[in-house]
Amino acid sequence: MVKQLPAGRFGLNTRQTGKIMTTGHNQTVASRTSVIEREKSVEEFRKIDISEIGSRIHKKPRFLCLHGLGMSAEVLQTQLIKRWPEALLGKLDLAFPNGPYLAQGKSDFEGFYDPPFYEWFQYSQDYQEVSNFDNCVAYIEDYMIKHGPFDGLMGFSQGAVISAALPGLQSQGLALTKVPKIKYVILMSGGKFGGSVSKFACPKLAANAFSSPVQCPSLHIIDKKGQKTMLSFIEKIEKM
């Protein structure tokens, strides 16, 4: 007959396995070291200020970056990395898709970057007719669904023209209905569909894109001196 030891006691030939018998039930024994470490972690967490916790989990604003006519995602990304300081780039989470269509005609970037080059939609030679704008918007929304969520849009040239129109279209329920609301817009060397001073025709879908002021914060850059303004803009939206 095997003699039963008192609960919590081990015989000379008994190997400790991390479990003991207490009132007939197995119970796991946590090591003293792990208990002490856990208590230290809890104590350290209690010392953290709530505002500090917020700063630790703060994420960078995420922008969908739309390149210009006859460019590519690689061209725009390379240009921004070359021209923008790390102090600015480090505050942003940027995604660079290619446009849905191969560029028609010769690109201004041939000889400087490798093809292919892309465009988002097409204009007629006199800029009075627009083709494939609806398909372009659907393509952008599909990309945002697959790779988002995104906080804002950033566009250069043709990409800026699209980025300027999309917040208004979204607010009217005409575009980007399956993705979160656009919070910010950054436009570089952009233009506007339609208008009395614009030579660019307006797609039917975007006819009322500017019928009311854009409600989200926006920044418009037209020259190389916009880096300081850009940094100030990003710092402001970080606090929102």
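A few points on the structure.

Criteria and cut-off values
Residues numbered from 1 in each chain as written. Predicted model: local features only at pLDDT ≥ 70, side-chain atom pairs only at ≥ 80, totals over all residues. Heavy atoms only, no water. Helix = DSSP H or I, 4+ residues; strand = E, 2+ residues; numbered from the N terminus. Buried < 20%, exposed > 50% of the residue type's maximum accessible area, 1.4 Å probe, protein only. Contact = heavy atoms within 4.5 Å. Areas by Shrake-Rupley, 256 points an atom, 1.4 Å probe, with all protein chains shown as cover. Pairing = 2+ DSSP bridges. Phe/Tyr/Trp six-rings, centres within 6.5 Å; stacked < 30°, edge-to-face > 60°.

## Side note on the overall build of the protein chain
Line of reasoning, step 1. Within the protein chain one finds seven helices and 11 strands.
Line of reasoning, step 2. Counting the 240 residues in the protein chain, one finds 35% classified as buried.
Line of reasoning, step 3. Residue pairs in contact within the protein chain that sit at least 24 positions apart in sequence constitute 68% of those at least 6 positions apart.
Line of reasoning, step 4. Accessible surface computed for the protein chain: about 15,700 Å², of which carbon and sulfur atoms make up 53%.

## Brief notes about the pairing of strand S3 (residues 62–66)
Line of reasoning, step 1. Among the five residues in S3, five count as buried, and that is most of the element.
Line of reasoning, step 2. Of the two faces of S3, the one lined by Arg-62, Leu-64 and Leu-66 and the one lined by Phe-63 and Cys-65 are each fully buried.
Line of reasoning, step 3. In this sheet, strand S4 (residues 93–95) lies alongside S3 in parallel orientation, the contact comprising three bridges. Paired with Phe-63 across the bridge in S4 is Leu-94.
Line of reasoning, step 4. With four bridges connecting them, S3 and strand S9 (residues 152–156) associate as parallel partners. The residue of S9 that forms the bridge with Phe-63 is Gly-152.

## Looking at the packing of aromatic side chains
Line of reasoning, step 1. Following the criterion strictly, the structure yields eight aromatic pairs and no others.
Line of reasoning, step 2. With a centroid separation of 6.3 Å and an interplanar angle of 25°, the aromatic rings of Tyr-143 and Phe-150 are classed as stacked.
Line of reasoning, step 3. Residue classification places Tyr-143 among the buried positions, given a relative accessible area of 19%.
Line of reasoning, step 4. Through a chain of ring-to-ring contacts, the aromatic side chains of Phe-121, Tyr-123, Phe-133 and Phe-193 assemble into a single cluster.

## Quick look at unusual backbone geometry
Line of reasoning, step 1. Looking along the chain, the bond that leaves Pro-115 and enters Pro-116 is cis, with omega of 10°.
Line of reasoning, step 2. Tracing the chain through its elements places Pro-116 in the loop between strand S5 (101–102) and strand S6 (118–119).
Line of reasoning, step 3. Between Gly-148 and the following residue, Pro-149, the backbone shows a cis peptide bond with an omega angle of 5°.
Line of reasoning, step 4. Within the element layout of this structure, Pro-149 appears in the loop between helix H5 (133–147) and S9.
Line of reasoning, step 5. Residues other than glycine seldom take positive phi values, yet Asn-132 does so here, at roughly 65°.
Line of reasoning, step 6. Residues other than glycine seldom take positive phi values, yet Leu-176 does so here, at roughly 50°.
Line of reasoning, step 7. Under the relative-accessibility criterion, Leu-176 is labelled buried at 1%.

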